Amino acid sequence: MDRRTRLLAGGALVAVVVALAALTSPATVLDRLAWVAADPRRLTLALVLVAVVRPLFAWPTTLLAVAAGYGLGLRGFPLALALVVVTSLPPYWVAGLGAGDGAVTAAGERLVAETGALRSVVGSRLLPLPSDVVSAGAGVAGVPLRTFALGTAIGEVPWVAAGVVAGDSFVALSTASLSAAMDPRVVVGAAILAALAFAGPAYRLYCRR
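Summarised in this report is the structure supplied together with it.

Thresholds, definitions, all that
- Residues numbered from 1 in each chain as written.
- Predicted model: local features only at pLDDT ≥ 70, side-chain atom pairs only at ≥ 80, totals over all residues.
- Heavy atoms only, no water.
- Phe/Tyr/Trp six-rings, centres within 6.5 Å; stacked < 30°, edge-to-face > 60°.
- Buried < 20%, exposed > 50% of the residue type's maximum accessible area, 1.4 Å probe, protein only.
- Helix = DSSP H or I, 4+ residues; strand = E, 2+ residues; numbered from the N terminus.
- Core = buried A, V, L, I, M, F, W, Y, C linked by side-chain atoms within 4.5 Å.
- Contact = heavy atoms within 4.5 Å.
- 1 Å grid on protein atoms, 1.4 Å probe; cavity = no way out; pocket = protein on both sides within 12 Å on 5 of 7 lines; lining within 4 Å.
- Points joined across faces, edges and corners; volume = space filled by probe spheres on them.
- Nonpolar A, V, L, I, M, F, W, Y, C, P; charged D, E, K, R; others polar.
- Expected span 1.5 Å × (residues − 1).
- Bend = angle between axes of the 7 residues up to and from the residue.
- Salt bridge = Lys/Arg side-chain N within 4 Å of Asp/Glu carboxyl O.

1. Some details on the packing of aromatic side chains
- For the coordinates displayed, the defined rule picks out two aromatic pairs.
- Considering the side-chain rings of F57 and W59, the 4.4 Å spacing of their centres and the 10° angle between planes classify their relative orientation as stacked. In this structure, F57 and W59 share a single accessibility class: buried.
- Relative to F148, the ring of Y92 has its centre 4.3 Å away and its plane inclined at 10°; by these criteria the two rings are stacked. With a gap of 56 residues between them, Y92 in helix α5 (residues 77–98) and F148 in helix α9 (residues 145–155) connect regions that are remote in the sequence. Like Y92, the residue F148 is buried in the burial classification.

In structure tokens, the structure reads:
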């Protein structure tokens, strides 16, 4: 597949994602999940299915953590974290297949080489950025799959924990708000850790320019 074909395919995929996202919403999914939350096995199966299709609808990964916290309580954290890793794989693979030799790819590869693959994924996950953007960036930069999965699991810990805790506190899943899971203290703390992860490598790259 040549570069032009990959770009066309990538553009078509983005168009489909945008259309699906416009026709659906995380609130709708939470409302549909509410009726299965009473049965842990049923909820687990439903969350696995949501994790598989989530990238197509551009839903936030926090959706999985909030639903797991609501149905399973704090013990839903391991499941939520595992599902966040799983649901990050499709954007990673698609971006990796469509990556070319442009300036963006080169810049990403330089940053990963300077920072280290694992550290770069963890730091990126700690930033308050859309999960799929980080996944695609790792795919474009050529981060190995195992390193990507491990880095995602480590970096998503504070976000998943916040989502699970928030979900556990909701009285009704259908009235839950994903924004409630974004505790400002978690956002600031994770951003500081991300800045510490990238400060040294970014400075060294800047000095070499």
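And the narrative resumes.
2. So, the nonpolar core
- L47, L64, A80 and V160 are the most contacted members of the largest nonpolar core, which has 20 residues in total.
- For this core, the secondary-structure elements that each account for two or more residues are α3 (40–57), α4 (62–72), α5 and α10 (157–169).
- For L64, the residues in contact, after removing those within four places along its chain, are L47, V50, A51, A80, L83, V84 and T87.
- Among the nonpolar cores identified, the runner-up in size contains eight residues, and L89, Y92, A138 and F148 belong to it.

3. Considering empty space enclosed by the protein
- What the rule picks out here adds up to one cavity of 30 Å³ or more.
- One number sums up the size of the largest cavity: a volume of about 30 Å³.
- Taken together, T61, T62, A65, V84, E156, W159 and V160 form the lining of the largest cavity.
- Those elements that provide at least two residues to the lining of the largest cavity are α4 and α10.
- Residue composition of the lining of the largest cavity, grouped by class: four nonpolar, two polar and one charged.

4. Notes on α3
- Given a rise of 1.5 Å per residue, 18 residues ought to cover 26 Å, and the 24 Å separating the end C-alpha atoms of α3 matches this to within 8%.
- The largest bend in α3 amounts to roughly 35° and is located at A51, with the proline P55 lying one to four residues further along.
- Those residues of α3 lying buried are L43, A46, L47, V50, A51, R54, P55 and F57.
- A positive backbone phi angle near 60° is found at A58, which sits one or two residues after α3.

5. Observations regarding the pattern of salt bridges
- By the definition in use, this model includes two salt bridges.
- Of the charged contacts in the structure, one is a salt bridge between R54 and D132, with a shortest N-O distance of 2.7 Å. Placement of the pair is R54 in helix α3 and D132 in helix α8 (residues 131–141), with a sequence separation of 78 residues.
- By relative accessible area, R54 is classed as buried at 1%.
- Between E156 and R125 there is a salt bridge, with the nearest N and O atoms lying 3.5 Å from each other. Of this pair, E156 sits in the loop between α9 and α10 while R125 sits in helix α7 (residues 117–126), and the two are 31 residues apart along the sequence.
- Using a relative accessible area of 2% as the deciding quantity, one classes R125 as buried.

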